[in-house]
Amino acid sequence: MNPARVTLVEVGPRDGLQNEQAPVDAATKIELVHRLQAAGLREIEVTSFVSRKWVPQMADNAQVMAGVRRAGGVRYSVLTPNLKGFDAAVKDPAHRPDEIVVFGAASEAFSQRNINCSIEESIARFAPVVAAAHAQAIKVRCAISVALGCPYQGEVTPDEVERVVRLMKAIGVDHCGVADTIGVGTPRRAQAAMERALKHFPLDEVSGHFHDTYGQALANIYACLQMGVHTFDASVAGLGGCPYAKGATGNVGTEDVLFMLDGLGIETGVDLDRLVDAAAFISGVLGRKPVSRTGNAWLARRAAKAQVAAA
Ligand code: HMG
Ligand code: MG
């Protein structure tokens, strides 16, 4: 049975923008976060504290965190791959994140390409980050990348996913995100990976992160909803990709997920009209149309209404 309520974790400012080649200024990123929270999103992944050599677009992480005008009830998260990233993220107590994300991979090949270490080494790096976060009452989410397929290894089995789930649980991670980094997953495979996460984490602490490269993300979300999963990442305007997974498109567009959830009568607290404003804003800055189908359809509908009103 579908859940009555779903939490959408907006990852556009981080997962979406990290892939943009041209620099996007901090003021634009901050404005995007403001528009997303104004639309009713209550979980926003703002930026990442990673190496600026690896991902130059996120080099303004501290500036963006300091510039966000926090809204009550919103949880702001950032990626921290190691203690250096965590220390930078909490350096300014006034602007520290409410949640951090450690990101591992279900394949050795992707782990090496994305974070330059083996799975085992990554867990050894994450363990002190988890402890340091908990010491400051900061929640820790993990992302398990390439859980449904890897651009370097190919097929990834549920056993490989569960191995990393288990390791993340052992170091005290609070929440487990199952990520289809390159969007190759299909519904049964998504369910099979999610089942493994659910063997170690409660339903309230698992989420799905589906990129839409092959147009399967909504189907995968629907399949997970039927298992009772009620937290999903999504990216405004369908922005993004992963710099270490060439050809992968962005996460499923938040507008597309919201339109489906609204249609299913599932509560999210997010207003589609205002969300489309945020999508139009960032797409305008980037000089292109949103990738999300709903974003475009909503904008076309608005334009048609305006034409009728003007006639
Ligand atoms: P490394 O080169 O192995 O690290 O990188 P190192 O410890 O050897 O340090 C090398 C240099 O990086 C040093 O600087 C460090 O100080 C610096 P230098 O002495 O050469 O001037 N450094 C850092 N600087 C800033 N922040 C840090 C940091 N750590 C070291 N935290 C590292 C290892 C993990 C840092 C690197 O590989 C990296 O930054 N990778 C980032 C990869 C990334 O951001 N990928 C995209 C996000 S993940 C994603 O999109 C997937 C997700 O959406 C889920 C899904 O879809 O699958 C979450
Ligand atoms: Mg991603």
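This write-up is about the structure you can find in this document. (Residues numbered from 1 in each chain as written. Chains lettered and ligands numbered in written order. Predicted model: local features only at pLDDT ≥ 70, side-chain atom pairs only at ≥ 80, totals over all residues. Heavy atoms only, no water.)

## So, the overall build of the protein chain
When helices and strands are tallied, the protein chain shows 12 helices and 8 strands. Its C-alpha atoms give the protein chain principal-axis dimensions of roughly 65 × 45 × 35 Å. Split into buried and exposed, the 311 residues of the protein chain put 56% on the buried side. Sequence separation of at least 24 residues holds for 75% of the intrachain contacts in the protein chain that already meet a minimum separation of 6. Put simply, the protein chain shows about 12,700 Å² of open surface, and 53% of that area lies on carbon and sulfur atoms. The distance from the centre of the 32 positive side-chain charges to the centre of the 33 negative ones in the protein chain is 3 Å. (Helix = DSSP H or I, 4+ residues; strand = E, 2+ residues; numbered from the N terminus. Buried < 20%, exposed > 50% of the residue type's maximum accessible area, 1.4 Å probe, protein only. Contact = heavy atoms within 4.5 Å. Areas by Shrake-Rupley, 256 points an atom, 1.4 Å probe, with all protein chains shown as cover. Lys, Arg positive; Asp, Glu negative; His and termini not counted. Charge placed at Lys NZ, Arg CZ, Asp CG, Glu CD.)

## Regarding the environment of Arg96
Residue position: Arg96 is located in the loop between α4 (83-90) and β4 (99-105). Note on Arg96: relative accessible area 24%, which makes it partly exposed. For Arg96 and Ile138, which are 42 residues apart along the polypeptide, the C-alpha to C-alpha distance reads 9.1 Å. Those residues within four positions of Arg96 in sequence are excluded, and the remaining contacts are Met65, Arg70, Ala89, Val90, Gln136, Ala137 and Ile138. Reaching out from Arg96, the side chain makes a polar contact with the backbone oxygen of Gln136 at a distance of 3.0 Å. (Polar contact = N/O pair within 3.5 Å; in protein donor to acceptor, adjacent residues only side chain to side chain.)

## Some words on the side chain of Asp256
Looking at the secondary structure, you find Asp256 in helix α10 (residues 254-263). Ignoring sequence-local partners within four residues, the contact set of Asp256 consists of Leu218, Ser292, Arg293 and Thr294.

## Some words on the packing of aromatic side chains
In this structure the tally under the stated criterion is 1 aromatic pair. Centroid distance Phe110 to Tyr152: 6.2 Å. Interplanar angle 25 degrees. Geometry classified as stacked. On the criterion of sequence distance, the pair formed by Phe110 in helix α5 (residues 108-115) and Tyr152 in the loop between β5 (139-145) and α7 (158-170) is long-range, its members being 42 residues apart. Classification of Phe110 by relative accessible area gives buried; the value is 1%. Judged by its relative accessible area of 31%, Tyr152 is partly exposed. (Phe/Tyr/Trp six-rings, centres within 6.5 Å; stacked < 30°, edge-to-face > 60°.)

## Some details on the coordination of the magnesium ion (ligand 2)
For the magnesium ion (ligand 2), the full set of protein donor atoms is Asp15 (OD), His209 (NE2) and His211 (NE2), at a range of 2.2 to 2.3 Å. Coordination of the magnesium ion (ligand 2) draws on donor residues from a single chain, spaced D-x193-H-x1-H in sequence. Of the two residues, Asp15 sits in helix α1 (residues 12-16) while His211 sits in the loop between β7 (206-210) and α9 (217-225), which places them 196 residues apart along the sequence. (Donors = N, O, S within 2.8 Å, 3.2 Å for Na, K, Ca; no water.)

## Looking at the pattern of salt bridges
When the charged atoms of two side chains with opposite charge come close together, those side chains can pair. Counted under the stated rule, the structure contains 20 salt bridges. One salt bridge in this structure joins Arg70 and Asp98, with 3.8 Å as the shortest N-O distance. Residue Arg70 is located in the loop between α3 (61-67) and β3 (75-79), and its partner Asp98 is located in the loop between α4 and β4; the two are separated by 28 residues in the primary sequence. Residue Arg70 is classed as partly exposed on the basis of its relative accessible area, which comes to 33%. Close ionic contact of Glu108 with Arg163 constitutes a salt bridge, the shortest N to O distance being 3.6 Å. Here Glu108, found in helix α5, pairs with Arg163, found in helix α7; they are 55 residues apart in sequence, far enough to count as distant. With a relative accessible area of 35%, Glu108 lands in the partly exposed category. (Salt bridge = Lys/Arg side-chain N within 4 Å of Asp/Glu carboxyl O.)

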